[in-house]
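Spelled out, the chains give:
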Amino acid sequence: MYADLLIINAHALTMDPAQPQAESVAIIGDRIIGVGSNIDLAALRGPHTQLINAGGRTLMPGIIDSHFHLLWGSVQLDDMLFDGVSSYAEMMAIVHAYAAAHPDKPWLVGHGLPYNLLPGHAALTRQHLDMIIADRPLIVISFDIHTGWANTKALELAGLLHGGTCAPGNEIVIGADGLATGELREPGAYQQVTALVPKQSEAETRTLIRKGLARAARYGITSIHNMDGDARQMALYTGLEARGELTLRVSIPFLATPEMPLEALSEAIVMQDAQTTMVRSKRVKCFMDGVIESYTALMLADYVDSPGNSGVAIFSAEQFTRLVTEADRLGLQVTVHAIGDGAVRRTLDGYTYAQRINGRRDLRHRIEHIEVLNLADLPRFKELGITASMQPLHAAISAPGSVWAERVGAAAWARSFPWQTLRAAGVPLVFGSDWPVVTQNPFMSMHAALARKPWAAGQPNEAQELGDTLAAYTRDAAFAEHQETVKGQLCEGMLADLVVLSDDIAVLHIDQVKDLSAVLTICGGQLVHQAL
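Residues numbered from 1 in each chain as written. Predicted model: local features only at pLDDT ≥ 70, side-chain atom pairs only at ≥ 80, totals over all residues. Heavy atoms only, no water.

All right, on to the overall build of the chain then. For the chain, the count of helices and strands is 19 helices and 26 strands. Over its C-alpha atoms the chain spans a radius of gyration of 23 Å, differing by no more than 12% from the 24 Å that the globule rule assigns to 532 residues. By principal-axis analysis of the C-alpha atoms, the chain measures approximately 80 × 55 × 50 Å. Among the 532 residues that make up the chain, the fraction classed as buried is 57%. When contacts within the chain are restricted to residue pairs at least 6 apart in sequence, those whose partners lie at least 24 apart make up 73%. Of the roughly 20000 Å² that the chain leaves accessible, carbon and sulfur atoms contribute 53%. (Helix = DSSP H or I, 4+ residues; strand = E, 2+ residues; numbered from the N terminus. Rg over C-alpha atoms; globule rule 2.2 N^0.38 Å. Buried < 20%, exposed > 50% of the residue type's maximum accessible area, 1.4 Å probe, protein only. Contact = heavy atoms within 4.5 Å. Areas by Shrake-Rupley, 256 points an atom, 1.4 Å probe, with all protein chains shown as cover.)

Right, here's the structure in full:
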């Protein structure tokens, strides 16, 4: 028996406690058949074996991004992208250049805008956008996908200039003049504008998803935990799989909303029954709150710079308790966006009730983000068997001097983004990007996890060790999706999902980690990216 593919001369970090390091990995079909030294596996090299010399670089399990929006991120790739923009002038230049290059586009749409674009963190308004372009409708979405800003033309076309209605937790901000300021908080507000943007065809959508997949392959990503979904979106991915174009594994949830009747969870069961080799679904996702930057995250105390305002929950306690109890009864994993400490507590309360009614089972319910945690709730994570899913780069862009840090106030910094606090309490911790909120690049996120410093003297050190960080992107991430027996480690019988890095991560200085790249990405034994 000879290997189809043999990787030699690697510094393999296997994430397998029984054999933490190796030099060589052998693959037949979509499975690993051997892990060991070059000498150990030499007999598996046959006349048709493809041999890859890793040259001492790190070989590790394929990267699993535990918080990702594949469709959302991909469909933006032909719009205006404001990644890295830090001033109004830069934004203006991008809009002008895009408008000139696309004179026939009826709508101008942009993504990835930061909140602190204007001096003094002043609020962006329709007047600011009108000064950039007034004769064509313009809608720009924030980097975290929780706020939109529209110019006057766009608001008029949507019938929102004089205000409008939207569900609790969403807001069309009205100015002192009684007119909309242009700021639209949460999707329930800004989607009333984006609904008017001409829709892409299915063929165009597939083309853009392929672009998003190609980016992921270049970063060594072989699995994602998607954080939005329904049966239609799942069909897009299974269709790509059928054509041999899906280059990573997708865990996709059914997205639940407060107004949804519990009977709608039947779609989650239909999705579960439609699972394939590459696309899995046995999960429900919902949003408990919004984000701190727009005051829509649910806090236990008032925002420091907005007395009397502690945010608004998207789900009432009763709505969420009913949802999670029924989903839990059906055997569905529940994944909840909860940023504020009030949202985290409400989510834990719902999980507690569901466990009391249904009994404790190994469903590994999750909380996503946990940007602020009341430490009284810390023990409840382990007691309930909850997984914490967090995003290192979110902490990096929320440091002192940001809108985020101003909103919560210095008193809350010590319990913000509490990675190590949760880990030390025995809570399973996994990492992801939240693309397109931040870059897909996992090496930027790894660097943020490794290099984090306390924001003030006397605060806990939440920085991560390298081994823990890599586990959060591999073995532990596989555990979070009930796949620890088939992926996340380099050992015999596991899926052949691997990545070779551009250097040996174990010997690099922390500041060099962010400059790494993937030179070889293998998913299911297939080379999906090669720059070696």
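This is not the end of the story, as more comes after the structure.
On to the sheet that holds strand S20 (residues 333–338). Across the sheet, 6 strands lie side by side as S17-S19-S20-S21-S22-S23; this open sheet has parallel pairing. Only two strands of the sheet have a single partner each, and these edge strands are strand S17 (254–255) and strand S23 (429–431). Here 4 bridges tie S20 to strand S21 (residues 366–369), and the two strands are oriented parallel to one another. Of the residues in S21, the one forming a bridge with histidine 337 is glutamate 368. (Pairing = 2+ DSSP bridges.)

Our next topic: the state of the cysteines. Here, the word disulfide means a covalent bond between the sulfur atoms of two cysteines. A full pass over the atoms with the stated rule returns 0 disulfides. With no disulfide of its own, cysteine 166 lies 19 Å from the sulfur of cysteine 286, the closest cysteine sulfur. Residue classification places cysteine 166 among the partly exposed positions, given a relative accessible area of 27%. (Disulfide = S-S within 2.5 Å.)

Most of strand S8 (residues 63–68) is tucked away, with 6 of its 6 residues classed as buried. Sheet topology places S8 next to strand S15 (residues 221–226); 4 bridges connect them, and they run parallel. Along S15, the bridge assignment pairs phenylalanine 68 with asparagine 226.

Considering the arrangement of structural elements, one finds leucine 375 in the loop between S21 and helix H12 (378–384). Sequence separation between leucine 375 and serine 74 is 301 residues, and the spatial gap between their C-alpha atoms is 37 Å. What leucine 375 contacts, discounting residues up to four positions off in sequence, is Arg415 and Thr421.

As a further point, take the packing of helix H7 (residues 202–218) against helix H8 (residues 231–242). Close contact between H7 and H8 brings their axes to 11 Å; oriented N to C, the two are set at 70°. As the angle between them shows, H7 and H8 are arranged roughly perpendicular. Every residue of H8 that contacts H7 at Glu202, Thr205, Arg206, Ile209, Arg210 and Leu213 is listed here: Leu236, Tyr237 and Leu240. (Axes fitted to C-alpha atoms, helices over the stretch in contact; angles between N-to-C directions. Parallel < 35°, antiparallel > 145°, perpendicular 65-115°, else oblique.)

Another point: the nonpolar core. Within the largest apolar cluster, 141 residues are counted, with the highest numbers of intra-cluster contacts made by Met91 and Phe381. Look past the residues within four positions of methionine 91 in its chain and what remains in contact with it is Phe82, Val85, Leu113, Leu117, Leu129, Ile132 and Val140. (Core = buried A, V, L, I, M, F, W, Y, C linked by side-chain atoms within 4.5 Å.)

Turning next to the sheet that holds S8. Here 4 strands make up an open sheet; going across it, the order is S8-S15-S16-S18 and the pairing parallel. A strand with exactly one partner marks an edge of an open sheet, and here the two such strands are S8 and strand S18 (279–280). The sheet contact formed by strand S16 (residues 249–251) and S18 spans 2 bridges and is parallel. Opposite serine 251, over in S18, you have arginine 280 as the bridge partner.

With that settled, consider the pairing of strand S11 (residues 138–142). The two faces of a sheet get side chains in turn, since along a regular strand they alternate between them. The buried fraction of S11 is high, at 5 of 5 residues. Here S11 shows a buried face lined by Leu138, Val140 and Ser142 and a second buried face lined by Ile139 and Ile141. Two strands pair when backbone bridges link them, and strand S10 (residues 108–113) and S11 are joined in this way by 5 bridges, in the parallel orientation. Within the sheet, the bridge partner assigned to leucine 113 lies in S11 and is serine 142. Tracing the backbone out of S10, into helix H4 (residues 126–132) and back to the parallel element S11 gives a crossover that is right-handed. (Right-handed = clockwise from strand over helix to strand, strands pointing away.)

To characterise two packed helices, one gives the angle between the axes of the helices and the distance between these axes. The geometry of helix H10 (residues 317–329) relative to helix H11 (residues 341–358) is characterised by a closest axis approach of 8 Å and an angle of 45° between their N-to-C directions. In terms of orientation, H10 and H11 fall into the oblique class. The crossing of H10 and H11 is right-handed. Between H10, through Ala317, Phe320, Thr321, Val324, Thr325, Asp328 and Arg329, and H11, the contact on the second element is made entirely by Arg346, Thr347, Gly350, Tyr351, Tyr353, Ala354, Ile357 and Asn358. (Left-handed = near helix turned anticlockwise from the far one by under 90°.)

Within the structure shown, the criterion is met by 24 salt bridges. Notably, a salt bridge pairs lysine 105 with aspartate 79, separated by 3.9 Å at the nearest N-O pair. Taken together, the positions of lysine 105 in the loop between helix H3 (88–101) and S10 and aspartate 79 in the loop between helix H2 (70–75) and strand S9 (80–81) put the pair 26 residues apart, joining distant regions of the chain. A salt bridge links aspartate 377 to arginine 380, with the shortest nitrogen-to-oxygen separation between them at 3.3 Å. According to the relative accessible area criterion, arginine 380 is buried, its value standing at 17%. Salt bridges sharing common partners tie together Arg345, Asp349, Asp377 and Arg380. (Salt bridge = Lys/Arg side-chain N within 4 Å of Asp/Glu carboxyl O.)

The next subject is the packing of aromatic side chains. Scanning all chains against the criterion turns up 12 aromatic pairs. Consider the rings of phenylalanine 315 and phenylalanine 320, whose centres lie 6.3 Å apart with planes at 80°: the pair is edge-to-face. Residues phenylalanine 315 and phenylalanine 320 agree in their burial class; the two are buried. Ring centres of phenylalanine 320 and tyrosine 351 lie 6.0 Å apart, and the angle between their planes is 65°; on these two criteria the pair is classed as edge-to-face. Remark: tyrosine 351 occurs in helix H11 and phenylalanine 320 occurs in helix H10; sequence separation between them is 31 residues. Classification of phenylalanine 320 by relative accessible area gives buried; the value is 0%. Aromatic ring contacts, followed pair by pair, group Trp404, Trp413, Phe417 and Trp455 into a single cluster. Lying across the ring of tryptophan 455, arginine 452 places its NZ or CZ 5.8 Å from the centre. (Phe/Tyr/Trp six-rings, centres within 6.5 Å; stacked < 30°, edge-to-face > 60°. Lys NZ or Arg CZ within 6 Å of the ring centre and 35° of its normal.)

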